[in-house]
Amino acid sequence: MKASIVPPTPPSVVARIAGLPDLSIEEMRALWRELFGSENPTPNRQFMERRIAYKLQEIEFRKVDPNLLERNKRRIKALLETGKARKLDRDIRLMPGTVLTREYQGVEHRVTVAQDGQYEFEGRRYPSLSMIAREITGTRWSGPLFFGVKAPAKAKNPKKQGGRR
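What counts as what
- Residues numbered from 1 in each chain as written.
- Predicted model: local features only at pLDDT ≥ 70, side-chain atom pairs only at ≥ 80, totals over all residues.
- Heavy atoms only, no water.
- Salt bridge = Lys/Arg side-chain N within 4 Å of Asp/Glu carboxyl O.
- Helix = DSSP H or I, 4+ residues; strand = E, 2+ residues; numbered from the N terminus.
- Core = buried A, V, L, I, M, F, W, Y, C linked by side-chain atoms within 4.5 Å.
- Buried < 20%, exposed > 50% of the residue type's maximum accessible area, 1.4 Å probe, protein only.
- Contact = heavy atoms within 4.5 Å.
- Pairing = 2+ DSSP bridges.
- Axes fitted to C-alpha atoms, helices over the stretch in contact; angles between N-to-C directions.
- Phe/Tyr/Trp six-rings, centres within 6.5 Å; stacked < 30°, edge-to-face > 60°.
- Lys NZ or Arg CZ within 6 Å of the ring centre and 35° of its normal.
- Expected span 1.5 Å × (residues − 1).
- Arc of directions from axis to C-beta.

Where an unreviewed UniProt entry is consulted, the protein chain appears under the name DUF2924 domain-containing protein, with the organism given as Methylococcus capsulatus.

Colleague: Even after reading the chapter, I still don't get the pattern of salt bridges, so can you show me in this structure?
Modeller: When charged atoms on two side chains of opposite charge get close, those side chains can pair. This model, assessed by the stated rule, comprises 5 salt bridges. Glutamate 49 is paired through a salt bridge with arginine 45; the nearest N and O atoms lie 2.9 Å apart. With a gap of 4 residues between them, glutamate 49 and arginine 45 both fall in helix 3 (residues 45–64), about one helical turn apart. As a salt-bridge pair, glutamate 108 and arginine 110 come within 3.4 Å of each other at their nearest N and O atoms.

Colleague: Any chance you could explain the nonpolar core here in plain terms?
Modeller: Looking at soluble globular proteins, one finds that nonpolar side chains tend to be buried together. Counting 13 residues, the largest nonpolar core has Val111, Ile132, Ile136 and Phe147 as the members making the most contacts within it. When residues of this core are traced back to their parent elements, those giving at least two are strand 1 (99–104), strand 2 (107–113), strand 3 (119–121) and helix 5 (129–137). Ranked by residue count, the leading element in this core is helix 5, at 4 residues. Setting aside its immediate chain neighbours within four residues, phenylalanine 147 contacts Leu100, Arg102, Val111, Leu129, Ile132, Ala133 and Ile136. One finds Val13, Leu20, Met48 and Ala53 within the second-largest nonpolar core, a separate group that totals 10 residues.

Colleague: Could you clarify how one ought to interpret the sheet that holds strand 1 in this entry?
Modeller: Adjacent strands of a sheet form backbone hydrogen bonds with each other and so pair up, either parallel or antiparallel. Reading across the sheet, the 4 strands line up as 1-2-3-4 and stay open at both edges, with antiparallel pairing between neighbours. At either margin of the open sheet sits one strand with a lone partner, and together these are strand 1 and strand 4 (124–126). Sheet twist, expressed as the average angle between the axes of neighbouring strands with direction ignored, equals 30°. Pairing analysis gives 6 bridges linking strand 1 to strand 2, with the strands arranged antiparallel. Within strand 2, the residue paired with glutamate 103 across the bridge is glutamate 108. Set on the sheet, helix 5 makes contact with strand 1, strand 2, strand 3 and strand 4; between it and strand 3 the angle comes to about 15°.

Colleague: Please explain the packing of aromatic side chains as it appears in this structure.
Modeller: In this description, a pair of aromatic rings is defined by centroid distance and the angle of the planes. Applying the stated criterion across every chain, the model contains 6 aromatic pairs. Three or more aromatic residues joined by ring pairs form one cluster here, namely Tyr104, Trp141, Phe146 and Phe147. Stacked on the ring of tryptophan 141, the Lys or Arg arginine 102 has its end atom at 5.9 Å from the ring centre.

Colleague: In this structure, what is going on with helix 2 (residues 25–36)? I would like to understand it.
Modeller: A turn of α-helix holds 3.6 residues, and therefore any two residues three or four places apart point the same way. Between its terminal C-alpha atoms helix 2 stretches 16 Å, which fits the 16 Å expected from 12 residues at 1.5 Å a residue. Those residues of helix 2 that fall on the buried side of the exposure criterion are Met28, Leu31, Trp32 and Leu35. For helix 2, the angular spread of the buried residues around the axis is 105°, confining them to a single face. Helix 2 presents Glu26 and Glu34 as exposed residues on the side facing more than 90 degrees away from its buried surface. Of the residues flanking the end of helix 2, it is glycine 37, one or two places downstream, whose phi is positive at about 75°.

Colleague: Would you explain unusual backbone geometry in this entry?
Modeller: In terms of backbone geometry, most residues other than glycine have negative phi values and most peptide bonds are trans. A positive phi angle, close to 50°, is found at glutamine 105, a residue other than glycine. With respect to the helices and strands, glutamine 105 occurs in the loop between strand 1 and strand 2. Unusually for a residue other than glycine, glutamate 122 sits at a positive phi of about 50°. For glutamate 122, the position within the fold is in the loop between strand 3 and strand 4. On the accessibility criterion, glutamate 122 (58% relative accessible area) is exposed.

As structure tokens, this is what we get:
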């Protein structure tokens, strides 16, 4: 049987950003040219590091959600036209590599956010946190609520919390 050659995993965005202070100024300038296609406008290293870090994240998030830039442009246009900002989408976007931990009935459960937006739990992949919460509890749950990613909704009218009268 022939062994398959797996290409090395590129360094994560977090690792690349964490490594920026270790680069020489020449390496920083080369990375700037690669990312921005021009010479850097200032010799200020702190400025360069911040802009490069932002650009690296922008590129990575575009891979995860290619429609992010277009959605933001539409929101800005609507804000300029109406003067009112729409509420943000309620969906939760977690960074790949994030580990969510929840103790339930004395057992600690760990979920890792995958690069493609899915979730890894006990060696299997799931498209939603809610499916994992159901797997753990045996009942329907809001996954983001179960794992503490989203706060519980507040009652709109506190007088009605006790039920109808």
